[in-house]
Amino acid sequence: LRRRTLILAAVVAGFATTALAGYAIAKTFTLNVGKNATVTNFNTHDKTTENVATNSRGFVIYTLSGDSKQHPKCRKDNGCLGFWPPVTVKSSSAKKLSKASALKGRLGIWKRNGFNQVTLNGHPLYTFSMDSKRNAAGGEGIATFKGVWHVVKSSRQSSGSGTSPSSPPPMQPPPPTYPGY
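Residues numbered from 1 in each chain as written. Predicted model: local features only at pLDDT ≥ 70, side-chain atom pairs only at ≥ 80, totals over all residues. Heavy atoms only, no water.

**A short note on the sheet that holds strand β11 (residues 147-151)**
Then, number 1: The three strands are arranged β3-β11-β10 in an open sheet whose pairing can be described as antiparallel. Strands with a single pairing partner mark the edges of an open sheet, and in this sheet they are β3 (62-64) and β10 (143-144).
Then, number 2: Pairing between β10 and β11: two bridges, direction antiparallel. If you follow Ala 143 over to β11, its bridge partner there is Val 148. (Pairing = 2+ DSSP bridges. Helix = DSSP H or I, 4+ residues; strand = E, 2+ residues; numbered from the N terminus.)

**Let's talk about the environment of Ser 65**
Then, number 1: Structurally, Ser 65 can be placed in the loop between β3 and α2 (80-83).
Then, number 2: For Ser 65, a relative accessible area of 32% corresponds to the partly exposed category.
Then, number 3: Sequence separation between Ser 65 and Thr 144 is 79 residues, and the spatial gap between their C-alpha atoms is 10.0 Å.
Then, number 4: Not counting chain neighbours up to four residues away, the residues in contact with Ser 65 comprise Lys 73, Lys 146, Gly 147 and Val 148. (Buried < 20%, exposed > 50% of the residue type's maximum accessible area, 1.4 Å probe, protein only. Contact = heavy atoms within 4.5 Å.)

**Thoughts on the state of the cysteines**
Then, number 1: Scanning the model with the defined rule gives one disulfide in all.
Then, number 2: Across a sulfur-sulfur distance of 1.9 Å, Cys 74 and Cys 80 are joined as a disulfide pair. Judged by the torsion about the S-S bond (-95°), the Cys 74/Cys 80 disulfide is left-handed. There is no split in this pair, since Cys 74 and Cys 80 are both buried. (Disulfide = S-S within 2.5 Å.)

**Overview of the nonpolar core**
Then, number 1: Counting 17 residues, the largest nonpolar core has Tyr 62, Cys 74, Trp 84, Trp 149 and Val 151 as the members making the most contacts within it.
Then, number 2: Every element with two or more residues in this core is listed here: β1 (29-41), β3, α2 and β11.
Then, number 3: With residues near it in sequence (within four places) discarded, Val 151 still touches Val 39, Val 52, Val 60, Ile 61, Tyr 62, Ala 137 and Glu 140.
Then, number 4: Counting residues in hydrophobic clusters, the runner-up holds 13 residues, among them Leu 31, Val 89, Leu 103 and Leu 125. (Core = buried A, V, L, I, M, F, W, Y, C linked by side-chain atoms within 4.5 Å.)

**A look at the packing of aromatic side chains**
Then, number 1: Under the criterion given, the structure shown has six aromatic pairs.
Then, number 2: Ring plane angle 75° and centroid distance 5.1 Å describe the contact between Tyr 62 and Trp 84, whose orientation is recorded as edge-to-face. Within this pair, whereas Tyr 62 is found in strand β3, its partner Trp 84 is found in the loop between α2 and β4 (88-89), the two being separated by 22 residues in sequence.
Then, number 3: With relative accessibility at 0%, the residue Tyr 62 sits in the buried group.
Then, number 4: Here Tyr 126 and Trp 149 contribute two aromatic rings whose centre-to-centre distance is 5.2 Å and whose plane-to-plane angle is 90°, an arrangement assigned as edge-to-face. Placement of Tyr 126 in the loop between β8 (123-124) and β9 (136-140) and of Trp 149 in strand β11 is noted, with a sequence separation of 23 residues between them. The residues Tyr 126 and Trp 149 share a single accessibility class, namely buried. (Phe/Tyr/Trp six-rings, centres within 6.5 Å; stacked < 30°, edge-to-face > 60°.)

**As for the side chain of Glu 140**
Then, number 1: Residue position: Glu 140 is located in strand β9.
Then, number 2: Although Glu 140 lies buried, it forms no salt bridge, and the closest oppositely charged side chain, Lys 153, sits 5.6 Å away as judged by the N-O distance.
Then, number 3: In this view, Glu 140 contacts Val 39, Thr 40, Asn 41, Phe 42, Tyr 62, Trp 149, His 150 and Val 151; residues no more than four positions away in its chain are not counted. (Lys, Arg positive; Asp, Glu negative; His and termini not counted. Salt bridge = Lys/Arg side-chain N within 4 Å of Asp/Glu carboxyl O.)

**So, the pattern of salt bridges**
Then, number 1: Counted according to the given criterion, the structure contains two salt bridges.
Then, number 2: A salt bridge links Lys 153 to Glu 50, with the nearest nitrogen and oxygen atoms 3.8 Å apart. Of this pair, Lys 153 sits in the segment after β11 while Glu 50 sits in strand β2 (residues 47-54), and the two are 103 residues apart along the sequence.
Then, number 3: Classification of Lys 153 by relative accessible area gives partly exposed; the value is 42%.
Then, number 4: Between Arg 75 and Asp 77 there is a salt bridge whose closest N-O contact spans 2.8 Å.

**Points about the confidence of the model for the chain**
Then, number 1: Averaged over every residue, the pLDDT of the chain is 79; residues scoring 70 or more account for 70%.
Then, number 2: In this model residues 159-178 is a low-confidence stretch, pLDDT under 50, and it forms 19 contacts with partners more than four residues away in sequence or in other chains. (pLDDT = per-residue confidence, 0-100.)

Set out below in structure tokens:
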């Protein structure tokens, strides 16, 4: 009986600790670095290993070229937000943004149509709905919604594999276009 009581007490303490940790996490937002993430170029299928920005769940963060608060390209009315969910925070977390030191730039908030979207150097941040694994990006290079999607890379890169970032890309046909482009 004493052993069961100790086990029950340990389980209850574990749940309480988890609940408190969850509450503390909910009050802050941190942009992390996924080390040695697999980044697959959507058009060429070339794979590289990169250090990239990730959310708290380990999913890769993207930006859309030309997308900004002043000129939003990814919007609900054009269907973009269904494919590219915005990185958001609750109002209570908006003042407690942080990022890994390897990510350069300033985090901010864009109060946008009922939600707070996180920005980096003024660029709205998104995840890709088709990414199903942590530290794996499949949306690199997609040309859609009047721009091109790119992973947010860390300033400290891994050695990588596949095509070297310093070598010119191989000749490829123009990227395919998708709805909203």
